[in-house]
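Structural characterization, general
The chain contents come next:
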Amino acid sequence: MRALGVIWALGRTLALATLMLTLAAPGRAAETIRLAVQKTGTFSWELAAIRASGLDKEADLALEVTELASTEAGKIAMRAGSADIILSDWLWVSRERTLGAKLTFYPYSSALGAVMVPASSPIKTLADLKGRKLAVAGGAIDKSWLLLQARMKQDGIDLKSEATIAYGAPPLIAAKALDGEMEASLNFWNFCAQLEAKGFRRLAGIEEILPKLGAKGAVSAVGYVFDESWAASHKDAVARFIAMTRKAKQLLVTSDAAWDKIAPLTGTSDVTLLKTYRERYRDGIPRRSIAEEEQDARVLYRVLAETGGRDLVGPAAELDPGTFYHAVPGD
């Protein structure tokens, strides 16, 4: 009996010790991903939805966010190794790969800019831009501008020489359009949304001209960009990150209430503009396979290389293999 008592006491002691160690042991730390995010960009909207709904905790990820003033600053952060993921385009990723930086791209949004005109404008078609004053955001080698030029050349119109072109930063171009200084403007999608909310008319969205240039569907111009060697050593974390962002996008598709967390980040309280932002953001959510996205990107890359030349794409005439990231289940 005494022996049994000793065994029982010893067993109880071991059980209590195990429980104490379990309670004292720290939980597994969430894996950290460093994000470099443009402060005024739409990625900050997605992150707000992620945090408000706890999707980051569900994915067991700690998102360390550095806010930057521009997309160029994000590229610098990536090159310097101070960010794991940024937003950029596959054109830049392909060019960086040819220069030795093995970055890779996963689709974030297919939302593109548009040619906008005042509601009462006599300009009814893209051909009517000939001889007009056209303001272009992003500079002479902006992708949307090059794609528009390529499309118009198919109809025998050289917009670059047959229209009066003024380049400028997106906010400036939007302001010039509102002031009536230019007869038409080509701007980024969120600035087009601002004009749309003010009564401007979409003459044509860039996504509408892509089929004429050989694309078979919506192409994500912007994506999550990361180093492929980092992705290989953090494969599970990358998969959880992508799954998390998919859930966030689905939430922003199905829930208008989720946009309440985003509204303060848009810089406006205008109900019409917020509704337009919401609709255009939803329109741009990628819905195609990576293989389909990549196939169309290759087609458009050739168009851009021909139109923009080496100043845009560098020495490579084709999209670099490995530009698109494929290692996510379901893609």
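Residues numbered from 1 in each chain as written. Predicted model: local features only at pLDDT ≥ 70, side-chain atom pairs only at ≥ 80, totals over all residues. Heavy atoms only, no water.

1. Observations regarding the nonpolar core
Stated formally: Take the buried residues of types Ala, Val, Leu, Ile, Met, Phe, Trp, Tyr and Cys, join any two whose side-chain atoms come within 4.5 Å, and each joined set is a nonpolar core. Relative accessible area decides the class of each residue, using a 1.4 Å probe on protein chains only: under 20% of the type maximum gives buried, over 50% gives exposed, and in between gives partly exposed.
Core analysis: the largest hydrophobic core is formed by 92 residues, its most contacted members being Trp90 and Phe241. Within the second largest apolar cluster, six residues are counted, among which are Ala114, Met116, Ala177 and Leu195.

2. Quick notes on the layout of surface pockets
Counted only if it meets this: In the cavity and pocket records, a cavity denotes points on a 1 Å grid over the protein atoms alone where a 1.4 Å probe fits but cannot get out, a pocket denotes an open set with protein on both sides within 12 Å along at least 5 of 7 lines, and lining residues are residues with an atom within 4 Å of a point. Grid points are joined across faces, edges and corners, and a volume is the space filled by probe spheres set on the points. Residues are grouped as follows: Ala, Val, Leu, Ile, Met, Phe, Trp, Tyr, Cys and Pro are nonpolar; Asp, Glu, Lys and Arg are charged; every other residue, Gly included, is polar. Every helix listed is a DSSP run of H or I at least four residues long, and every strand listed is a run of E at least two residues long, numbered separately from the N terminus.
For the largest pocket, the calculated volume is near 1400 Å³. The residue inventory of the lining of the largest pocket, partitioned by class, reads 25 nonpolar, 17 polar and seven charged. Approximately 240 Å³ is the volume found for the second largest pocket. The wall of the second largest pocket is formed by 14 residues, among which Arg246, Lys249, Ile285, Pro286 and Arg287 lie closest to the centre. Within the residue set of the lining of the second largest pocket, elements represented by two or more residues are β4 (103–109) and α12 (235–254).

3. Quick word on the environment of Tyr281
To be explicit about the condition: It only takes one pair of heavy atoms within 4.5 Å for two residues to be counted as in contact.
Summarising the element assignment, Tyr281 is placed in helix α13 (residues 271–283). Distance from Tyr281 to Lys249, taken between C-alpha atoms, is 9.3 Å for residues 32 residues apart in sequence. Other than its neighbours up to four places away in sequence, Tyr281 contacts Trp45, Glu46, Tyr108, Trp189, Lys249, Leu252 and Trp259.

4. Structural notes on the confidence of the model for the protein
For clarity, the threshold we go by: As a per-residue quantity, pLDDT reports the predictor's confidence and falls between 0 and 100.
Looking at the protein as a whole, its pLDDT mean stands at 89, while 91% of the residues score no less than 70. Segment residues 1–27 is flagged for pLDDT under 50; beyond a separation of four residues in sequence, or across chains, it makes zero contacts in the model.

5. Structural notes on the packing of helix α9 (residues 189–197) against α13
To keep things clear, this is the line we draw: Every axis in this analysis is a line fitted to C-alpha atoms, fitted for helices over the stretch in contact. Angles between the N-to-C directions lie between 0 and 180 degrees. Working rule for angles: under 35 degrees goes down as roughly parallel, over 145 as roughly antiparallel, 65 to 115 as roughly perpendicular, anything else as oblique. The handedness criterion is simple: a crossing whose near helix is rotated anticlockwise from the far helix by less than a right angle is left-handed, and one whose near helix is rotated clockwise is right-handed.
Across the interface, α9 lies against α13 with an axial gap of 9 Å and an inter-helix angle of 140 degrees. It follows from the interaxial angle that α9 and α13 lie oblique. In terms of crossing hand, the pair formed by α9 and α13 is right-handed. Of α13, the residues touching α9 (which contributes Trp189, Asn190, Ala193, Gln194, Glu196 and Ala197) are Thr272, Leu273, Thr276, Tyr277, Arg280 and Tyr281. A class-by-class count of the residues in the contact of α9 with α13 yields six nonpolar, four polar and two charged.

6. With respect to the sheet that holds β4
Note the following rule: Pairing between strands is defined by DSSP: at least two bridges between the two strands are required.
Strands sit in the order β3-β10-β4 across an open sheet of three strands; the sheet is antiparallel. Pairing within the sheet leaves two strands with one partner each, and these edge strands are β3 (86–89) and β4. Between one strand axis and the next, the sheet turns by 45 degrees as a mean value, whatever way the strands run. Relative to strand β10 (residues 222–227), β3 is paired through four bridges, and the arrangement is antiparallel. Bridging across to β10, Ile86 finds its partner in Val225. Packed on one face of the sheet, α12 meets β4 and β10 and runs near 165 degrees to β10.

7. Concerning the sheet that holds strand β6 (residues 133–137)
On the basis of which strands lie adjacent, the open sheet formed by five strands has the order β7-β6-β8-β5-β9 and mixed pairing. Since the sheet does not close on itself, it has two edges, and those belong to β7 (164–168) and β9 (201–205), each with one partner. Across the sheet, the mean angle from the axis of one strand to that of its neighbour is 25 degrees, orientation sign disregarded. The pairing of strand β5 (residues 114–117) with β9 spans four bridges and is classified as antiparallel. Counted as the bridge partner of Val115 is Ala204 from β9.

8. Thoughts on the pattern of salt bridges
Put simply, the rule reads: Counted as salt bridges are all cases of a side-chain nitrogen of Lys or Arg within 4 Å of a carboxyl oxygen of Asp or Glu.
Counted by the stated rule, this structure contains 23 salt bridges. Lys143 is the partner of Asp89 in a salt bridge, and the nearest nitrogen-oxygen pair spans 3.3 Å. Taken together, the positions of Asp89 in strand β3 and Lys143 in helix α6 (residues 143–153) put the pair 54 residues apart, joining distant regions of the chain. Under the relative-accessibility criterion, Asp89 is labelled buried at 13%. Glu279 is the salt-bridge partner of Lys275, the closest N and O atoms lying 2.4 Å from each other. In this pair, Lys275 and Glu279 both sit in helix α13, four residues apart, roughly one turn of the helix. Given the relative accessible area of 42%, Lys275 is considered partly exposed. When salt bridges with common partners are traced through the structure, they connect Glu31, Asp236 and Arg240 into a single cluster.

9. Some details on the environment of Val271
Mapped onto the fold, Val271 is located in helix α13. Of the residues examined, Val271 reaches a relative accessible area of 65% and is grouped as exposed. For the pair formed by Val271 and Ile85, sequence separation is 186 residues and the distance between their alpha carbons is 32 Å.

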